Amino acid sequence: MTGTTTVPVGPSGGRARTGELLLEVDDLHVEFRTRSGVVNAVNGVSYTLAERQTLAILGESGSGKSVSAQAIMGILDSPPAVITGGGIRFQGEDLLTMAEEDQRKVRGPGISMIFQDALSSLNPVYSVGYQIGEMFRAHRGTSKKDAKQKAVELMDRVRIPAAAQRVNDYPHQFSGGMRQRVMIAMAIALDPRILIADEPTTALDVTVQAQVMDLLKELQQDTGMGLILITHDLGVVNEVADDVAVMYAGKIVERGTVDDVFTDAAHPYTEGLMASIPQIEAKGGRLRPIVGQPPNLAAIPSGCPFHPRCARRRLGAEAAPGRECATDVPPLRLVAPGREAACHYSEEVLGV
Amino acid sequence: MSEPSTGATAASAEPAASAGSTASQAAAGGASTRGALGETLLEVKGLKKHFPLTRGVVLKRTVGHVRAVDGVDLTLRRGETVGLVGESGCGKSTVSKLLVALEKPTDGSIVYKGRDVTKLSKRGLKGYRREVQIIFQDPYASLNPRMTVGDIVAEGWSVHADIAPRKGRLQRTQELLERVGLNPDYVNRYPHQFSGGQRQRIGIARALALQPEIIVCDEPVSALDVSVQAQVVNLLEDLQDDFGLSYLFIAHDLSVVRHISDRVAVMYLGSVVETGTDAEVYGAPSHPYTQALLSSVPLHEPKLRGQRDRILLSGDVPSPANPPSGCRFRTRCWKAQDICAEEPPALVDRGQGHPAACHFAEARPAVVEGR
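Residues numbered from 1 in each chain as written. Chains lettered and ligands numbered in written order. Predicted model: local features only at pLDDT ≥ 70, side-chain atom pairs only at ≥ 80, totals over all residues.

1. What to know about the overall build of chain A
Threshold: Numbering of helices and strands starts at the N terminus; helices are DSSP runs of H or I of at least 4 residues and strands are runs of E of at least 2. Here a residue counts as buried when 20 or more other C-beta atoms sit within 10 Å of its C-beta, as exposed when there are 12 or fewer, and as partly exposed otherwise, the C-beta atoms being derived from the backbone. C-beta atoms are first placed from the backbone for all residues, and any pair lying within 7 Å is then listed as a contact.
When helices and strands are tallied, chain A shows 12 helices and 12 strands. Dimensions of chain A along its principal axes, counting C-alpha atoms only, are 75 × 50 × 40 Å. In chain A, buried positions account for 52% of the 352 residues. Intrachain contacts of chain A at a sequence separation of at least 6 include 66% that bridge at least 24 residues.

2. Digging into the overall build of chain B
Helices and strands together make up the secondary structure of chain B, namely 11 helices and 10 strands. Considering chain B as a whole, with its 371 residues, one finds that 49% of them fall into the buried category. For chain B, long-range pairs separated by at least 24 residues make up 67% of all intrachain contacts whose partners lie at least 6 apart in sequence.

3. Description of the environment of Ser-346 of chain A
All names here are of chain A. Within the secondary structure layout, Ser-346 lies in helix 12 (residues 346–350). Separated by 81 residues in sequence, Ser-346 and Ala-265 have C-alpha atoms that sit 8.8 Å apart. Beyond its immediate stretch of four places on either side in the chain, Ser-346 contacts Ala-266, His-267, Val-335 and Ala-341.

4. Considerations on the interface of chain A and chain B
Defined as follows: Throughout, the ten residues Ala, Val, Leu, Ile, Met, Phe, Trp, Tyr, Cys and Pro are labelled nonpolar, Asp, Glu, Lys and Arg are labelled charged, and all others, Gly among them, are labelled polar.
The interface of chain A with chain B comprises 41 residues on the first partner and 46 residues on the second. Of all elements in the fold, only helix 8 (206–223), helix 9 (234–240), helix 10 (258–263) and helix 11 (268–276) of chain A reach the threshold of two or more residues within the side of chain A that touches chain B. A per-element tally of the side of chain A that touches chain B places helix 8 of chain A first, with six residues. Here the residues of the side of chain A that touches chain B sort into 17 nonpolar, 15 polar and nine charged.

5. Considerations on the domain arrangement of chain B
Residue and element names in this part refer to chain B. Threshold: Boundaries between domains were set according to an automatic or database domain assignment.
Each assigned domain of chain B is listed with its residue range as follows: domain 1 (13–55 + 64–260) and domain 2 (276–342). Computed from C-alpha coordinates alone, the two centres of domain 1 and domain 2 are separated by 30 Å. Those elements that provide at least two residues to the side of domain 1 that touches domain 2 are strand 2 (61–77) and helix 8 (254–260). Examining the composition of the side of domain 1 that touches domain 2, we find that five residues originate from one element, strand 2, more than from any other.

6. Observations regarding helix 5 (residues 144–157) of chain A
All names here are of chain A. Put simply, the test is: A helix is expected to reach a length of 1.5 Å times the quantity of its residues less one. The directions considered for the arc run from the helix axis to the C-beta atoms.
With 14 residues, helix 5 extends 20 Å between its outermost C-alpha atoms, agreeing within 8% with the 20 Å of an ideal straight helix rising 1.5 Å per residue. Along helix 5, the positions that sit buried rather than exposed are Ala-147, Lys-148, Lys-150, Ala-151, Leu-154 and Met-155. What you see down the axis of helix 5 is that its buried residues fit within an arc of 160 degrees, all on one side. Packing partners of the buried residues in helix 5 comprise helix 4 (128–140), helix 6 (163–166) and helix 7 (176–188). Taken from the residues just after helix 5, Arg-159 is the one with a positive phi, measuring 55 degrees.

7. Let's talk about the sheet that holds strand 1 (residues 21–34) of chain A
Residue and element names in this part refer to chain A. What counts is decided by this rule: Strand pairing is defined by DSSP finding a minimum of two bridges between the two strands. Axes here refer to lines fitted to C-alpha atoms; in helices the fit is confined to the stretch in contact. Angles between the N-to-C directions go from 0 to 180 degrees.
Ordered in space as 2-1-4-5, the four strands form an open sheet in which the pairing is antiparallel. With partners counted over all chains shown, the strands left at the sheet margins are strand 2 (37–50) and strand 5 (93–94), one partner each. As paired strands, strand 1 and strand 2 are joined by 11 bridges and run antiparallel to one another. Among the inter-strand pairings, Leu-21 is bridged to a residue of strand 2, identified as Ala-50. Docked against the sheet, helix 1 (residues 65–73) engages strand 1, strand 2 and strand 4 (81–90), running at close to 110 degrees with respect to strand 1.

8. A word on the sheet that holds strand 8 (residues 246–251) of chain B
All names here are of chain B. With mixed pairing, six strands are arranged side by side in an open sheet as 6-7-8-3-9-10. Of all the strands in the sheet, just strand 6 (132–135) and strand 10 (271–277) have a single pairing partner and so form its edges. Averaged over all neighbouring strand pairs, the angle between strand axes comes to 20 degrees, with direction disregarded. Packed on one face of the sheet, helix 6 (residues 196–208) meets strand 6 and strand 7 (214–218) and runs near 175 degrees to strand 6. Contacts between helix 10 (residues 288–296) and the sheet are confined to strand 9 (263–268) and strand 10, with strand 9 contributing the most and set at about 100 degrees to the helix.

9. Re the pairing of strand 1 of chain A
A regular strand places its side chains on the two faces of the sheet in alternate fashion. Residue and element names in this part refer to chain A. Hairpin connection of strand 1 to strand 2: two residues between the antiparallel strands. As paired elements, strand 1 and strand 4 share eight bridges and run antiparallel to each other. Across the sheet, residue Leu-23 finds its bridge partner in strand 4, namely Phe-90.

10. Some thoughts on helix 8 of chain A
Residue and element names in this part refer to chain A. Look at helix 8: 26 Å from first C-alpha to last across 18 residues, which is about the 26 Å you get at 1.5 Å a residue. Buried within helix 8 are the following residues: Val-206, Thr-207, Val-208, Gln-209, Ala-210, Gln-211, Val-212, Met-213, Leu-216 and Gln-220. Once helix 8 finishes, Gly-224 follows within two positions and takes phi at roughly 70 degrees, a positive value.

11. Considerations on unusual backbone geometry
Residue and element names in this part refer to chain B. Positive phi, close to 50 degrees, is recorded for Lys-113, a residue that is not glycine. Relative to the elements of secondary structure, Lys-113 occurs in the loop between strand 4 (107–112) and strand 5 (115–116). For Lys-113, a count of 14 C-beta atoms within 10 Å puts it in the partly exposed group.

12. Describing the confidence of the model for chain A
Residues and elements named next belong to chain A. Quick note on the threshold: The pLDDT score gives, residue by residue, the confidence of the prediction method on a 0 to 100 scale.
When pLDDT is averaged along chain A, the result is 87, and 95% of the positions lie at 70 or above. The lowest-confidence element of chain A is helix 3 (residues 118–121), averaging 82 in pLDDT; the highest-confidence one is strand 9 (residues 243–248), averaging 95. Across residues 1–17 the pLDDT falls below 50, and counting only partners more than four positions away or on other chains, this stretch makes 33 contacts in the model.

13. What about the confidence of the model for chain B?
Residue and element names in this part refer to chain B. Here chain B averages 85 in pLDDT, while 89% of its residues score no lower than 70. Within the model, the stretch residues 1–32 combines pLDDT values under 50 with 60 contacts to residues more than four positions away or in other chains. Listed scores for the predicted complex are pTM 0.84 and ipTM 0.82.

14. Observations regarding the nonpolar core
The test is simple: The nonpolar core is taken to be a set of buried Ala, Val, Leu, Ile, Met, Phe, Trp, Tyr and Cys residues joined by way of C-beta atoms within 7 Å.
Ranked by internal contacts, the top residues of the largest apolar core, which has 193 residues, are Ile-132, Ala-185 and Ile-228 of chain A together with Leu-248 and Val-266 of chain B. Counting residues per element, this core draws most heavily on helix 7 (residues 226–243) of chain B, which supplies nine residues. If you count residues domain by domain, this core takes at least three from each of domain 1 (13–55 + 64–260) and domain 2 (276–342) of chain B. Not counting the four nearest positions on each side in its chain, Leu-248 of chain B is found in contact with Leu-76, Val-82, Leu-84, Leu-99, Ile-214, Val-216 and Cys-217 of chain B.

15. Details of the environment of Phe-329 of chain B
Residue and element names in this part refer to chain B. When you line up the elements, Phe-329 lands in the loop between helix 10 and helix 11 (338–342). Of the residues examined, Phe-329 has 26 C-beta atoms within 10 Å and is grouped as buried. Considered as a pair, Phe-329 and Gly-91 are 238 residues apart in the sequence and their alpha carbons are 15 Å apart. Non-local contacts of Phe-329, meaning those with residues more than four positions away in its chain, are made with Tyr-268, Val-273, Pro-288 and Tyr-289.

16. Regarding the pairing of strand 7 (residues 194–198) of chain A
All names here are of chain A. The element strand 7 is largely enclosed, with a buried count of five among its five residues. Residue alternation in strand 7 divides its side chains into two sets, Ile-194, Ile-196 and Asp-198 and Leu-195 and Ala-197, and both sets are buried. Pairing of strand 6 (residues 111–114) with strand 7 involves four bridges; the strand directions are parallel. In the strand pairing of strand 7, Met-113 is matched with Ile-196.

Now the structure itself:
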């Protein structure tokens, strides 16, 4: 899976993107060593991100989607978290082998991240202008006065009304959508090459969500940055992303363009997710949920981690040799042009 | 009646199915004594709840009111699901608290089976609270961590002892757990031993234990993962069919509300702006706010992407402590004219087929229909 270049955009997408490869995550493993045992949060995740590309990482809670992003940002709580293997290369340099201070110098202006909960991600005792300006003071050595000036410019850029007056306001004086804009302003302050958005709109109402997603898209068009969008919302993925990687139990189980994956899933988990959500366009029949609960990451099922919940699993004599769902781990493999899935029977799921 | 299974640890589907019928007979109790489907159970008229804003610690002066709910009309018929949608802060959760009599309304009436709940005596309220149960949003905060699952489900019977004779309570509890798709052997476990979806099932079993007529579901699936959310939605639908329940389903997820509801009411800043059947509200939204709301929902089919006109609302919801004059939505509305600031629009049908509170209501297909 290493060195897999990004999948070409299908003609239906029509979303222009080519460019230099920014980020390569290669067989990343993260585990949490707790007193009650080892929790395997990320088990061999690989992906790449190019300039102007929007990659969505889709998964439910506990799928490892946020942990892998935190590993890239170097903000894992360790201990208990330990990166046990793999590499993270930003513009060709492996971040994990660097000294910590060097990592900071690379990440500071290069990669930034926004979080779900804007209120708890901002410091309540500093004005937003001070917090946005901190980026310039810490990484560029800008003076306090100039930093505040830049903060006003950034607040204008993320379309916070009356930025010059509001620069001295505190986070609690802003609404949820505006706080998220403040965070975006901080994140884009140093013109990063990569922006990681971890559930950026989950706490927001739909009308505000649409505003924030539009803003992110527009900023991406202006700056050409790569965007990693971590979410559990299939609708947001469809509206915003070019490519999608579906995660389950710390692994990528399916990957491809959004158009391909959402039109015809190649992994039973993706297929199950699609059938689980009600449509807004029409009143459908009964929902077809995935049975059971997401796995416990301290005791991930053997073989394919999805097999206990899978409607298409083949066990024992039913299975093809070497493709027993409960014992043989399915590798993430090319199942159709530009499509990868980690299922022994993807061809059946796809119906090809 | 399918897939109420909860993974490797829980009961398989078949015993749950067979036990379901016995539990349904037991729990529905006097199903035969119930009225006909479609009869009006609950009628809410002009419901208001204003929370005082105070200043000062010792001498509290009231300096204003937050008009959380400001004139809501709703009707709930037997066996029906009414969806209440709106964004955060629109007052939908306050409505749910008023309906289960956890808050006293400032004004307006809640008429349940012909009697005004706001004027009920203590004893009358006790009976009302048994018949109108609630399921909360957060399955982590709404279950007492120091009580076993069995005690949580059976707690209501200590107040309403007539429903379950003391002797058969354990068995009844187990039947209820089985009915909501949990392993009946788990009665002695504690809430922390369950996942979010399973906890929500415990909350549902607790509501069912008192054989309610109405269950107010306050965001019952918003805290759950997509795959588990569908299981709980299906369970709620099955229980409705089996027990003849009526739901008031409060949520901000427009797709889920459409899926489960027979009729839908859209709230904005304390009042209902549009109401109708799901097909009317979603197929021909006629209030500008509903149109904007529906056009903002991200669609999850690639072929529908970019197929509709997005209405991007500017600005934020005004503060309910100081709402705009006239129409509440006029500050963000592209249709607003002078009359909107002067006269609050009534929630009536202006020729678009269903009631909408807009002077310039006009049906407009906001979402791509069909496929």
